[in-house]
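A structural walkthrough
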Amino acid sequence: MAKTSNIPVTLIEQSAYAETDFDSLGFGDAFSDHMLLCDWADGEWKSPRIVPRKPLKVDPAALGLHYGQSVFEGLKAYRGTGDNRIRLFRPDRNAQRLAASCNRLCIPAPDPAQLVDWIRSLVAVEAKWIPAQFGEALYIRPMIFATEGHLAVRPANRYTLVMVAAPVGQYFAQYGRPLRVKAEDRYTRAASGGTGAAKTAGNYGATLKPMFEAASEGFDQILWLDGDEHAYAEEAGQMNIFFRIGDEVITPELSGTILPGVTRDSVLSLLKQWGIKATARRISMAELRKAAESEGLLEIFGAGTAAVVVPVDSIQYQDFDIRACPPSANSLSQRLFQSLLGIQHGQVDDTNNWIQFVDIE
Ligand SMILES: *Cc1c(COP(=O)(O)O)cnc(C)c1O
């Protein structure tokens with residue numbers, strides 16, 4: 001069993017635990033007591049440490065704030081519902097993806113194995129913050145940004161890695177309420193050759209206005225389309241998107257404009273293991289419309305760490321509505337939701353070795 005390394009820990013004097021409302025956890029309303037900090041200077045990541053969570057001191061000309069040289073990750077620590085043991089789900093994948101995002105933004109990447117170790121250390125210190133209910137978790141948010149104060153548009157020579165943790169509830173209250181989605185045919189999330197495959201700050205700031213407009217028209221979420229023609233499905237908000245047509249499940253292929261989700265990859269693996277045809281390929285709105293019209297579009301669902309798996313009821317694209325069949329007892333999205341959370345909470349066998357335990361002595 002992997003141990004966590006010896007990172008210096010300064011414990012908080014007054015924990016916020018007692019004042020935190022664990023009965024109505026949202027997503028990001030509450031944070032745990034500590035954070036992990038690490039600095040990059042003189043060619044290396046130095047002095048990782050866990051300290052009480054507090055505001056950072058930042059140079060007002062920090063390059064990360066001005067030019068968006070900033071990347072992040074998101075993963076969860078779960079509590080076993082039967083054994084109470086703490087589980088991380090495929091943290092190595094998040095660590096590798098952070099390195100890939102760093103690479104795209106010219107940020108010196110922390111070694112992925114080292115980063116997993118830091119995640120484990122923070123989770124071990126914050127163990128009491130991991131909520132107990134099925135579907136709840138401690139969300140871990142590692143983030144790296146350029147801290148050097150300068151004005152030139154160039155890679156910085158100083159960075160800070162900060163990792164905070166937040167006890168979270170189920171993102172979309174319960175599995176069940178299907179989302180109404182708007183296919184966005186004017187704004188673009190990611191263009192080919194851009195930064196769509198990286199988890200970098202600028203990708204998200206640019207989606208706020210389209211998301212606000214979609215919400216004011218009564219939609220829950222946006223389906224992003226390709227930047228060239230706005231004719232092919234790419235992603236649903238901060239989730240990867242899946243379509244079940246007949247006996248096949250299709251998700252857009254990783255073309256460079258799509259975030260390579262850990263949940264996406266896990267869904268593809270589970271479907272294949274269940275003997276279901278699962279394909280990553282380009283899929284057009286015209287094909288989806290045709291499938292819906294012939295009642296072959298059985299399911300639409302989104303998948304991501306925050307929301308797990310969420311059914312989509314309809315997608316409005318220009319002036320027509322693409323509707324999935326009504327949810328049924330044998331819906332794959334429901335089965336995937338239960339299986340993923342089941343593995344994460346130790347109720348379903350982890351046959352793929354996706355779980356890493358964090359044991360506290
Ligand atoms: C993080 C993210 C996802 C989901 O990735 P997971 O690793 O499954 O959490 C999908 N799309 C976007 C744009 C994202 O930022």
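Residues numbered from 1 in each chain as written. Predicted model: local features only at pLDDT ≥ 70, side-chain atom pairs only at ≥ 80, totals over all residues. Heavy atoms only, no water.

Before going further, it helps to spend a moment on helix α2 (residues 91-104). With 14 residues, α2 should cover 20 Å at 1.5 Å per step; its first-to-last C-alpha distance of 20 Å lies within 8% of that length. Residues of α2 that are buried include every one of P91, N94, A95, R97, L98, A99, S101 and C102, and no others. Downstream of α2 by one or two residues, C106 has phi in the positive range, about 60°. (Helix = DSSP H or I, 4+ residues; strand = E, 2+ residues; numbered from the N terminus. Expected span 1.5 Å × (residues − 1). Buried < 20%, exposed > 50% of the residue type's maximum accessible area, 1.4 Å probe, protein only.)

Within the structure, the ligand sits among 15 residues, and K199, Y204, E235, T263 and T305 are positioned closest to it. Backbone polar atom of V262 to an oxygen atom of the ligand: 2.8 Å apart, as the coordinates give it. Relative to its unbound accessible surface of 380 Å², the ligand loses 96% to contact with the protein. Taken together, the elements giving at least two residues each to the shell around the ligand come down to β11 (239-245) and α6 (262-273). (Near = heavy atom within 4 Å. Polar contact = N/O pair within 3.5 Å; in protein donor to acceptor, adjacent residues only side chain to side chain. Areas by Shrake-Rupley, 256 points an atom, 1.4 Å probe, with all protein chains shown as cover.)

This next bit is on the pattern of salt bridges. In this structure the tally under the stated criterion is 20 salt bridges. D359 is paired through a salt bridge with R85; the nearest N and O atoms lie 2.8 Å apart. In this pair, D359 sits in the segment after β17 (355-358) while R85 sits in the loop between β4 (75-79) and β5 (86-89), placing the two residues 274 residues apart along the sequence. The class of R85 is partly exposed, set by a relative accessible area of 29%. For K182, the salt bridge identified is with E217, shortest N-O distance 3.2 Å. Separated by 35 residues along the polypeptide, K182 in strand β8 (residues 179-184) and E217 in the loop between α5 (208-216) and β9 (221-225) bring together distant segments of the chain. On the basis of relative accessible area, K182 is assigned to the buried category, the value being 11%. When its relative accessible area of 44% is taken as the criterion, E217 is described as partly exposed. (Salt bridge = Lys/Arg side-chain N within 4 Å of Asp/Glu carboxyl O.)

Enumeration over the complete set of coordinates arrives at zero disulfides. With no disulfide partner, C102 has as its closest neighbouring cysteine sulfur the one in C106, 10 Å distant. Owing to a relative accessible area of 0%, C102 belongs among the buried residues under this scheme. (Disulfide = S-S within 2.5 Å.)

Together, L56, V58 and L65 give the surface a local cluster of nonpolar side chains, amounting to about 240 Å² of exposed area. Within the secondary structure, L65 sits in helix α1 (residues 63-67). (Patch = residues over 30% accessible without salt bridge, like charges linked within 9 Å, V, L, I, M, F, W, Y side chains within 5 Å.)

It is worth spelling out the environment of N6 at this point. Here N6 shows up in the segment before β1 (34-41). As for N6 and Y17, which are separated by 11 residues in sequence, their C-alpha atoms are 24 Å apart.

Another point: the pairing of β9. Taking burial as the measure, the five residues of β9 include five buried ones, the bulk of the element. Of the two faces of β9, the one holding Q221, L223 and L225 and the one holding I222 and W224 are both buried throughout. Taken together, the four bridges between β8 and β9 define a ladder with parallel strand orientation. Within β9, the position partnered with E184 by the bridge is W224. (Pairing = 2+ DSSP bridges.)

Looking now at the packing of α6 against helix α8 (residues 332-344). Relative placement of two packed helices is described by the angle separating their axes and the distance separating the axes. α8 packs onto α6 with a crossing angle of 110° between their chain directions and a minimal axis gap of 11 Å. Comparing the axis directions of α6 and α8 gives the class roughly perpendicular. On α8, the residues touching T263, S266, V267, L270 and L271 of α6 are L332, L336, S339, L340 and I343. Here the residues of the contact of α6 with α8 sort into seven nonpolar, three polar and no charged. (Axes fitted to C-alpha atoms, helices over the stretch in contact; angles between N-to-C directions. Parallel < 35°, antiparallel > 145°, perpendicular 65-115°, else oblique. Contact = heavy atoms within 4.5 Å. Nonpolar A, V, L, I, M, F, W, Y, C, P; charged D, E, K, R; others polar.)

A word on the pairing of β1. In terms of burial, β1 is a largely internal element, seven of the eight residues being buried. Note that β1 and strand β2 (residues 44-52) share seven bridges and pair antiparallel. Looking across to β2, one finds that H34 is bridged to P52. Counting the residues between successive antiparallel strands, the hairpin from β1 to β2 contains two residues, one of them, D42, with a positive phi of roughly 50°.

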